[in-house]
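Examining the three-dimensional arrangement
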Amino acid sequence: MESLKRMEDRSGEADAANMMAGIGRAARAAAHALSLASTETKNRALRHAAATIRARGRDILAANGHDIASAKASGTTPAFLDRLALDASRIEAMASGLDAIAALPDPVGRVLARFERPNGLSIERVATPLGVIGVIYESRPAVTADAGALCLKAGNAVILRGGSESFFSARCIHECLVAGLSDVGLPSGAITLVPVTDRAAVGEMLVGLNGNLDVIVPRGGKSLVARVQAEARVPVFAHLEGIVHVFVDRDADLKKAEAIVFNAKLRRTGICGAAETLLVDRACARTHLAPLVKMLLDAGCAVRGDAATLAVDGRVTQASEADWTTEYLDAIISVRVVEGLDQAMAHIETFGSHHTDCIVTENLTTAERFLKEVDSAIVMRNASTQFADGGEFGFGAEIGIATGRMHARGPVGLEQLTSFKYRVRGDGQLRP
């Protein structure tokens, strides 16, 4: 019986390998076609896809309802359901995002630099597509539209592997994107949704699909990103978990701090830009700590705090060491009192994930030190961390927030989805 099980496993792996190899070949061919497509052709595909999303809104909601029912049956958290759920406004936001991407300048073909050498050679550095991009994501169905649209506009083919939780929603959205491609005569392989939830498909993507995959973008939980980073044989734009901090400095305006902290934590608790740790300067703790903690608790947010925080409200529970490195994605926040700016920055460096961090202060000198010295992809002053989003940055959408330091960092939009090549024009020059 065990031998038969191993044979079935190998058969399944072979099927996945064959399927993914075909997807990889089709994507590579599509990438070549996209690299030659005009800006207008790509824009028409995006606008048609946006119109199709609007026209098929009821179908998308029905598919999402199926995913939501399955998620509820499996006992998922309210925060998870919020990430998964679509409604009329979120569908319109998806469609509007595609229209916004169509309206952005085409990143392909931009002349990034131009210079001439003493020997008369004329050299240009020109933006080019990356090629074929693999996006592995979990519960957010809107990533299907965002990633597909951004890759298309930047001239890249994309292979989307969504999670089982959003399978039916993603499939319906993908059909809308393919309709846009078909309308302008672009190959359907330009935006491919892996049609199975088999984990073997992920493994095939991580090893590069026989050389047909150029970059992988993981967008999901800690275990997914860890697996991708450990096993990938192609470059990775890592989207690490969002251990996001808000530091309330001694010179913070209390009302402003309350508004920012409330929005950063509770506007949507399940997104990567949601604040997970609140740091309060001891110099203002007497006036600022209790109101901030009470505000959060009264709004239904659990607070896990250090000794100073425990002392201000009996509803606070003791924070463990693990709390400082936990992305809750829920109505929970850890709170710590620190000895000024230097200790706040040291805490962020020790426990943070280099995603997004914010200081609330009216002191310009302090703010500039924070913005300069905190080594995160996004650093902010006096603004909600929930602005950590490609759409809010004017990128139309994003594939994720890259927390590494190579090539792409912060919201991954059109510009980050291109590379470059050098064009050299001569008139018979020979190297001596």
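Since this is a predicted model, take the numbers as computed values, not measurements.

**Quick look at the nonpolar core**
Residues L98, V135, I159 and I399 are the most contacted members of the largest nonpolar core, which totals 71 residues. Each residue touching V135, except ones within four places of it in the same chain, is listed here: V143, A147, V158, I159, L160, R161, M205, V217 and I399. If you look at the next biggest cluster of nonpolar residues, it comprises 32 residues, including C272, L278, L292 and C358.

**Brief notes about the environment of G314**
Here G314 shows up in the loop between helix 12 (307–310) and strand 10 (317–318). For G314, a relative accessible area of 79% puts it in the exposed group. For the pair formed by G314 and A127, sequence separation is 187 residues and the distance between their alpha carbons is 57 Å.

**With respect to the packing of aromatic side chains**
The description of two aromatic rings rests on the distance between their centres and on the angle between their planes. For the coordinates displayed, the defined rule picks out three aromatic pairs. Ring geometry for F167 against F168: centres 5.4 Å apart, planes inclined by 85 degrees, an arrangement best described as edge-to-face.

**Things to note about the packing of helix 3 (residues 57–73) against helix 7 (residues 167–184)**
Helix-helix packing is characterised by the crossing angle of the two axes and by the distance between the axes. Contact geometry for helix 3 and helix 7: axes closest at 7 Å, N-to-C directions at 160 degrees. Comparing the axis directions of helix 3 and helix 7 gives the class roughly antiparallel. Taking contact as the criterion, the partners of D59, I60, A63, N64, H66 and D67 in helix 3 are, on helix 7, F167, F168, S169, C172, I173 and C176. The class makeup of the residues in the contact of helix 3 with helix 7 is seven nonpolar, three polar and two charged.

**Considering the sheet that holds strand 12 (residues 356–360)**
Pairing between the strands of a sheet is mediated by backbone hydrogen bonds and can be parallel or antiparallel. In space, the seven strands of this open sheet follow the order 10-9-11-8-7-12-13, with parallel pairing throughout. Sheet topology places strand 10 and strand 13 (378–381) at the edges, where each strand pairs with a single neighbour. Relative to strand 11 (residues 332–338), strand 9 (residues 302–305) is paired through four bridges, and the arrangement is parallel. Across the sheet, residue A302 finds its bridge partner in strand 11, namely I332. Sitting on the sheet, helix 14 (residues 364–373) is in contact with strand 7 (244–248), strand 12 and strand 13, with an inclination near 170 degrees to strand 13.

Rules used throughout
- Residues numbered from 1 in each chain as written.
- Predicted model: local features only at pLDDT ≥ 70, side-chain atom pairs only at ≥ 80, totals over all residues.
- Heavy atoms only, no water.
- Core = buried A, V, L, I, M, F, W, Y, C linked by side-chain atoms within 4.5 Å.
- Buried < 20%, exposed > 50% of the residue type's maximum accessible area, 1.4 Å probe, protein only.
- Contact = heavy atoms within 4.5 Å.
- Helix = DSSP H or I, 4+ residues; strand = E, 2+ residues; numbered from the N terminus.
- Phe/Tyr/Trp six-rings, centres within 6.5 Å; stacked < 30°, edge-to-face > 60°.
- Axes fitted to C-alpha atoms, helices over the stretch in contact; angles between N-to-C directions.
- Parallel < 35°, antiparallel > 145°, perpendicular 65-115°, else oblique.
- Nonpolar A, V, L, I, M, F, W, Y, C, P; charged D, E, K, R; others polar.
- Pairing = 2+ DSSP bridges.

Function cannot be inferred from these measures alone, as they are strictly geometric.
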